[in-house]
Amino acid sequence: MRRRRTADGPRTDRPPLRKSLRGRLLAVSVLVATCSVAATAWLAVQTTSGAIKQEQGQNLADDTRIYDTLLGYAATHPRWDGVGTVVRDLADSTGRHITLTTLRRAPLADSAGSTPPRTLPAQASATVDPLSVDTALASARAGTQDAATDRIDARAVGPFKLPGAERKTLHGIAERNKACLRSLGIAADVVVGPSGRPAVEPVGSGATDDPGYYKCATGILERPTRTEGKALTALTRLTNSCLRRQGHDRVDLALDLTWQQAPRAVAAKRAAAEEAAAAQDTVPRPVPAPAPAETAQDDRTVATCVGTARREQLTSYVAAPALLFIGDQGGATVPGFDLSPRNTAKITGVAALVLALTVGASVLAGRRLVRPLYALTGAAQRLKDGRETQPVPVTTDNEIGRLAAAFNDMSAHRTRLEEQRKAMVSDVAHELRTPLSTIRGWLEAAQDGVADPDPAFIDSLLEEAVQLQHLIDDLQDLAAADADALRLHPRPVRVEELLGQVATAHQVRAETAAVTLSVCRPEAPLPELRADPVRLRQAVANLVSNAIRHTGPGGTVTLRARADGGGDEILVEVADTGSGIAAADLPYVFDRFWRADKSRNRRTGGSGLGLSIVRKLAQAHGGSATAASTEGEGSVFTLRLPVAGPAAS
């Protein structure tokens, strides 16, 4: 968009929003805010999600450890006596609130100690029962596959727990087997089970494929000890009792809880089959093998009875089932999480990073936006110090660009005014010096007797004094107008009559200059103008005097008035056919002490204050003064005055 100038300076209409400083600031703010929010949201989601997963994973691990520890305590103790210490230690290490009650919710232990017991929620976090393990919270230290199947904790060994002597004997055998395997180059470890029974397990895969492995393996470690034999016999009896109630054959259990049909049952089946065959045919037939479906059903039946028998056998060796309630230290039972200092520091760091990036982007954008303001500030400071200043570059068409353009115009205008001020001082000195020098010369001549004080002498002195008085009066009028102290006495004025009075007053001067001075009567009567007749006559007289001065012999000066603006304004025009004004000089014709003729001769160019006074008087009446001219053809000066007068305007 191009900049357009008005009569008084650069244009003042607002630039489009997309080019304005407001629009740019808004765009930068929206962009920074959007990027900040998006980056903060993304980073916060990523960091917080990771922190939440980590914290929730830690909570789940803590809950699992609490459950597994209490489950191990129940599996190795017949009662819950002494569990309070375990509960408090777990609470201290995990930061959780732990409560353990019976199935009837009678308190067994509370990590809060002697404080009043909290209100328990309707649903417990878990049930601690070593004979019915919660598979969702079961520890990774689960026992054998059978134990996991029947949900009995592997640490609940009951009567299978080996005494010290048997444990020592088996451990010695296991160490010898381990040494044997090492001598063959097979790495092995001795692993001790919950009952205290050791086992030799090779390290790495493929060790059992080595032929030497079986040379070192002895059947002693696989045979039950005396204690285990008694417990296994009792367990087998309980299992067969269960099977007998279901009409199933008896089985024999091994130490690893696998089974096979008892020899007596197998022999009875074979004898029954042979008797049946003998009754039908004299040729004996083999006993048919059971169908796979029947075998699977038998296995399920036996496994169920083994589990039932184990629970019956272990009931007196383990603690009774208990309800476990896990919550945070504030008392809430629903598992939650508190961000750890590390994750809190991570989120804080991410927020600080986003804030730093936002501040950095804002600073860069701000510096880009205020760089022209720095240039303006520096130019204004140089202007204040009286130093010469170069025009501020105008690179944009927004508010700052227009401010820079206005500053450049102001600087140029100030420079011009400074030049005019200097010229005014010189002009005033010259204008005062000339008549004063003339007066002084005549007076000195009269004092020396060279000149006689005759009427011509007196007239010459009077003419010079009148010129001085006019100059002083012009300066006084301008000073009063600048200080808004120009007094007006408005009253109704007929513009046609006022123009006639001014024309009559300048008729002799016009005739002397061989210029035709006329008043153009309006076609329709003009409304009365409320104005100060003395000041208005002074303004028109200055225009007429200026027109006669710049119109050559044979030229014309015309005064005319007409209504404008729907009758609310009156235009007073003074047109001449003089030399005209150059287009480059036209903007300065109302400046003080400006003359088209630079000779600074009052008789040929005037004092240079007349048109400035005209503009001030027009403005004091609420109007304006303008000039239009074509060089070599003449000029038209126009006073635009409101009919209502200066007060209404």
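A quick note: this is a predicted structure, and the numbers were derived from the prediction, not measured.

Caption draft 1: Region of interest: the overall build of the protein. The helix and strand inventory of the protein stands at 16 helices and 17 strands. Taking the contacts inside the protein whose residues are at least 6 apart along the sequence as the reference set, 68% of them involve residues at least 24 apart.

Caption draft 2: Representation of the environment of W442 in the model. On the secondary structure map, W442 appears in helix α10 (residues 399-447). Sequence-wise, W442 and L461 are 19 residues apart; in three dimensions their C-alpha atoms are separated by 7.7 Å. Those residues in contact with W442, other than ones at most four positions away along the chain, are A451, F457, S460 and L461.

Caption draft 3: Up close: helix α2 (residues 83-94). Between the first and last C-alpha of α2 there are 17 Å, a value that for 12 residues agrees with the 16 Å anticipated at 1.5 Å per step. For α2, every residue scored as buried is listed here: V83, G84, V87, L90, A91 and T94. Seen end-on, α2 carries its buried residues on one side only, within an arc spanning 130°. Immediately downstream of α2, the backbone of G95 shows phi near 75°, a positive value.

Caption draft 4: Region of interest: the sheet that holds strand β5 (residues 126-128). If you walk across this open sheet you meet the 4 strands as β4-β3-β10-β5, and the pairing is antiparallel. Looking along the sheet, the strands with just one partner apiece sit at the ends: β4 (107-110) and β5. Going from strand to strand, the sheet's axes swing by 25° on average, the running direction of each strand aside. The pairing of β5 with strand β10 (residues 322-328) spans 3 bridges and is classified as antiparallel. Opposite V128, over in β10, you have A322 as the bridge partner. Taken strand by strand, α2 contacts β3 (96-102) and β4, and its axis lies near 155° from that of β3.

Caption draft 5: Broad picture of helix α14 (residues 533-549). Spanning 17 residues, α14 covers 24 Å between terminal C-alpha atoms, matching the ideal 24 Å at 1.5 Å per step. Across the 17 residues that make up α14, a large majority, 13, are buried. The N-capping residue of α14, defined by a side-chain oxygen 3.1 Å from the backbone nitrogen of V534, is D532.

Caption draft 6: Inspection of a nonpolar patch on the surface at higher detail. Where nonpolar side chains cluster on the molecular surface, the patch consists of L355, V359 and V363 and spans about 260 Å² of accessible area. The residue V363 is located in helix α9 (residues 341-384) in this model.

Caption draft 7: Spatial organisation of the confidence of the model for the protein. For the protein, per-residue confidence averages 78 on the pLDDT scale, and residues scoring 70 or more make up 77% of the total. Within the model, the stretch residues 1-11 combines pLDDT values under 50 with 21 contacts to residues more than four positions away or in other chains. The low-confidence segment residues 140-148, where pLDDT is below 50, has 8 contacts with residues more than four positions distant or belonging to other chains.

Caption draft 8: Layout of the packing of aromatic side chains. Evaluated as defined, the whole model comprises 2 aromatic pairs. Note on Y73 and W80: the rings are 6.0 Å apart at their centroids and 15° apart in plane angle, and the pair reads as stacked. Assigned by exposure class, Y73 and W80 land together as buried.

Caption draft 9: Region of interest: the nonpolar core. Formed by 42 residues in total, the largest nonpolar core has its most connected members in L536, V540, V544, V557, L559 and L639. Among the secondary structure elements, those contributing two or more residues to this core are α12 (495-505), β13 (529-531), α14, β14 (556-564), β15 (569-576), α16 (610-620) and β17 (634-642). With 8 residues, the top contributor of residues to this core is α14. In this structure L559 touches L499, V502, L517, S518, V519, C520, V540, V544, E573 and V574, once residues within four positions along its chain are discounted. Grouped together as the second largest cluster of nonpolar side chains are 21 residues, L71, V87, I98 and L324 included.

Caption draft 10: How the structure looks around the pairing of β15. Extensive coverage of β15 is indicated by the burial of 7 of its 8 residues. Alignment of β14 against β15, held across 8 bridges, turns out to be antiparallel. Note on β15: the bridge partner recorded for R562 is L571. Following β14, the chain reverses through 4 residues before pairing antiparallel with β15; G565 in that reversal takes a positive phi of roughly 65°.

Caption draft 11: Just unusual backbone geometry, in detail. In this structure, L257 is a non-glycine residue whose phi angle is positive, near 70°. With respect to the helices and strands, the residue L257 is situated in the loop between β8 (251-253) and β9 (259-261). When its relative accessible area of 13% is taken as the criterion, L257 is described as buried. Look at A514: it is not a glycine, yet its phi comes out positive at around 60°. With respect to the helices and strands, A514 occurs in the loop between α13 (507-512) and β12 (516-520). On the basis of relative accessibility, which here comes to 40%, the residue A514 falls in the partly exposed class.

Caption draft 12: Structural view of the state of the cysteines. The final tally for this structure, using the stated rule, is 1 disulfide. Here C242 connects covalently by a disulfide to C305, the sulfurs 2.3 Å from one another. Here C242 and C305 share a disulfide; its torsion about the S-S bond, -65°, makes the bridge left-handed. With C242 in helix α6 (residues 226-245) and C305 in helix α8 (residues 292-314), this residue pair connects regions lying 63 residues apart in the sequence.

Caption draft 13: How the structure looks around a negative patch on the surface. Judged by side-chain charge, D452, D454, D459 and E463 come together as a negatively charged surface patch. Note that D459 resides in helix α11 (residues 455-482).

Caption draft 14: Up close: the packing of α14 against α16. Between α14 and α16, whose axes approach to 9 Å, the crossing angle comes to 145°. Judged by the twist between their axes, the crossing of α14 over α16 is left-handed. When α14 is examined against α16, the residues R535, Q538, A539, N542, L543 and N546 are found in contact with a partner set consisting of G610, L611, I613, V614 and L617.

Caption draft 15: Summary view of the packing of α12 against α14. Contact geometry for α12 and α14: axes closest at 10 Å, N-to-C directions at 50°. The angle between α12 and α14 places the two elements in the oblique class. Crossing handedness for the pair α12 and α14: right-handed. Contact with α12, carried on its side by L498, L499, Q501 and V502, involves P533, L536, R537, V540, A541 and V544 of α14 and no other residues of that element. Residue composition of the contact of α12 with α14, by class: 8 nonpolar, 1 polar and 1 charged.

Caption draft 16: Seen up close, the pattern of salt bridges. Across all of its chains, the model carries 11 salt bridges by this definition. R640 is the partner of D564 in a salt bridge, and the nearest nitrogen-oxygen pair spans 2.8 Å. Here D564 is found in strand β14, whereas its partner R640 is found in strand β17, with 76 residues between them in sequence. Since its relative accessible area comes to 29%, R640 is described here as partly exposed.

Thresholds, definitions, all that
Residues numbered from 1 in each chain as written. Predicted model: local features only at pLDDT ≥ 70, side-chain atom pairs only at ≥ 80, totals over all residues. Heavy atoms only, no water. Helix = DSSP H or I, 4+ residues; strand = E, 2+ residues; numbered from the N terminus. Contact = heavy atoms within 4.5 Å. Expected span 1.5 Å × (residues − 1). Buried < 20%, exposed > 50% of the residue type's maximum accessible area, 1.4 Å probe, protein only. Arc of directions from axis to C-beta. Pairing = 2+ DSSP bridges. Axes fitted to C-alpha atoms, helices over the stretch in contact; angles between N-to-C directions. Polar contact = N/O pair within 3.5 Å; in protein donor to acceptor, adjacent residues only side chain to side chain. Patch = residues over 30% accessible without salt bridge, like charges linked within 9 Å, V, L, I, M, F, W, Y side chains within 5 Å. Areas by Shrake-Rupley, 256 points an atom, 1.4 Å probe, with all protein chains shown as cover. Salt bridge = Lys/Arg side-chain N within 4 Å of Asp/Glu carboxyl O. pLDDT = per-residue confidence, 0-100. Phe/Tyr/Trp six-rings, centres within 6.5 Å; stacked < 30°, edge-to-face > 60°. Core = buried A, V, L, I, M, F, W, Y, C linked by side-chain atoms within 4.5 Å. Disulfide = S-S within 2.5 Å. Lys, Arg positive; Asp, Glu negative; His and termini not counted. Charge placed at Lys NZ, Arg CZ, Asp CG, Glu CD. Left-handed = near helix turned anticlockwise from the far one by under 90°. Parallel < 35°, antiparallel > 145°, perpendicular 65-115°, else oblique. Nonpolar A, V, L, I, M, F, W, Y, C, P; charged D, E, K, R; others polar.

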